[in-house]
Amino acid sequence: MIRWIIKLLLNGAALILISNWFQSIQVSSFGVAVWAALILGIVNTIIRPILTFFTLPLSVLTLGLFWFVINAITFSLTAFFINGFEVGPWPDNIGIMIVASALMSLMGWLIDWVVSKPKK
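Quantities reported herein were computed from a predicted structural model and do not represent experimental measurements.

Engineer: Residues and numbers for the nonpolar core, please.
Structural biologist: In terms of nonpolar packing, the biggest core is built from 24 residues, with Leu-15, Ile-18, Ile-25, Phe-75, Phe-85 and Met-104 touching the most fellow members. At the level of elements, helix H1 (2-21), helix H2 (30-54), helix H4 (66-81) and helix H5 (94-115) are the ones that each hand at least two residues to this core.

This is the structure:
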């Protein structure tokens, strides 16, 4: 349970870091970032598999590159649910959303790898 809380807090910090890199992504506080990280995890658990299933032909056609668009959609959907987490207008910022969501995925993977390392 403690590792899960640490991962959640670190994912919130990663979201704050990403919002500092991109002007169109705004997070009002660390609490909002942690809340958004929790909702992002829930969206990735429930909605992302459904999106992946329905866009499978498009993903195969693009050799898996449509995965980045699915990440951007889940990232933007999370911002839709959370007050204080803004990503700017959707069609205009699709490139920024793709890069930001890919960075969030990479940071989440690194956080999971570091925190879940077995002790020697």
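Engineer: So what's going on with the side chain of Ser-59? Which residues, and what values?
Structural biologist: Here Ser-59 shows up in helix H3 (residues 56-61). Since its relative accessible area comes to 13%, Ser-59 is described here as buried. Ser-59 has contacts with Gly-64, Phe-66 and Ile-70, leaving out every residue within four places of it along the chain.

Engineer: Kindly report on the pattern of salt bridges, identifying the contributing residues and their values.
Structural biologist: Evaluation of the coordinates by the stated rule reveals one salt bridge. For the salt bridge of Lys-7 with Asp-112, the shortest nitrogen-to-oxygen distance reads 2.6 Å. Residue Lys-7 is located in helix H1, and its partner Asp-112 is located in helix H5; the two are separated by 105 residues in the primary sequence.

Engineer: Which residues make up the packing of H2 against H4, and what are the values?
Structural biologist: Where H2 contacts H4, the axes come no closer than 9 Å and their chain directions differ by 135°. As summarised for this structure, H2 and H4 are arranged oblique, according to the angle between their axes. Between H2 and H4 lies a crossing whose hand is right-handed. Contacts from Ala-36, Ile-39, Leu-40, Val-43, Asn-44, Ile-47, Arg-48, Leu-51 and Thr-52 in H2 reach Trp-67, Ile-70, Asn-71, Ile-73, Thr-74, Phe-75, Leu-77, Thr-78 and Phe-81 in H4.

Engineer: Any chance you could break down the environment of Pro-49 for me, citing the residues and the numbers?
Structural biologist: Relative to the helices and strands, Pro-49 is located in helix H2. When its relative accessible area of 44% is taken as the criterion, Pro-49 is described as partly exposed. Residues Pro-49 and Ile-70, spaced 21 residues apart in sequence, show a C-alpha to C-alpha distance of 9.7 Å.

Engineer: Outline the packing of aromatic side chains, listing residues and values.
Structural biologist: All told, the structure shown has five aromatic pairs when counted by the stated rule. Both rings, one in Trp-67 and one in Phe-68, keep their centres 4.9 Å apart while their planes meet at 70°; by these two values the pair is edge-to-face. Given the relative accessible area of 33%, Trp-67 is considered partly exposed. For the ring pair Phe-80 and Phe-81, a centre distance of 5.7 Å and an interplane angle of 65° mean the geometry is edge-to-face.

Criteria and thresholds
Residues numbered from 1 in each chain as written. Predicted model: local features only at pLDDT ≥ 70, side-chain atom pairs only at ≥ 80, totals over all residues. Heavy atoms only, no water. Core = buried A, V, L, I, M, F, W, Y, C linked by side-chain atoms within 4.5 Å. Buried < 20%, exposed > 50% of the residue type's maximum accessible area, 1.4 Å probe, protein only. Helix = DSSP H or I, 4+ residues; strand = E, 2+ residues; numbered from the N terminus. Contact = heavy atoms within 4.5 Å. Salt bridge = Lys/Arg side-chain N within 4 Å of Asp/Glu carboxyl O. Axes fitted to C-alpha atoms, helices over the stretch in contact; angles between N-to-C directions. Parallel < 35°, antiparallel > 145°, perpendicular 65-115°, else oblique. Left-handed = near helix turned anticlockwise from the far one by under 90°. Phe/Tyr/Trp six-rings, centres within 6.5 Å; stacked < 30°, edge-to-face > 60°.

Functional significance is not addressed by these values, which are geometric in nature.
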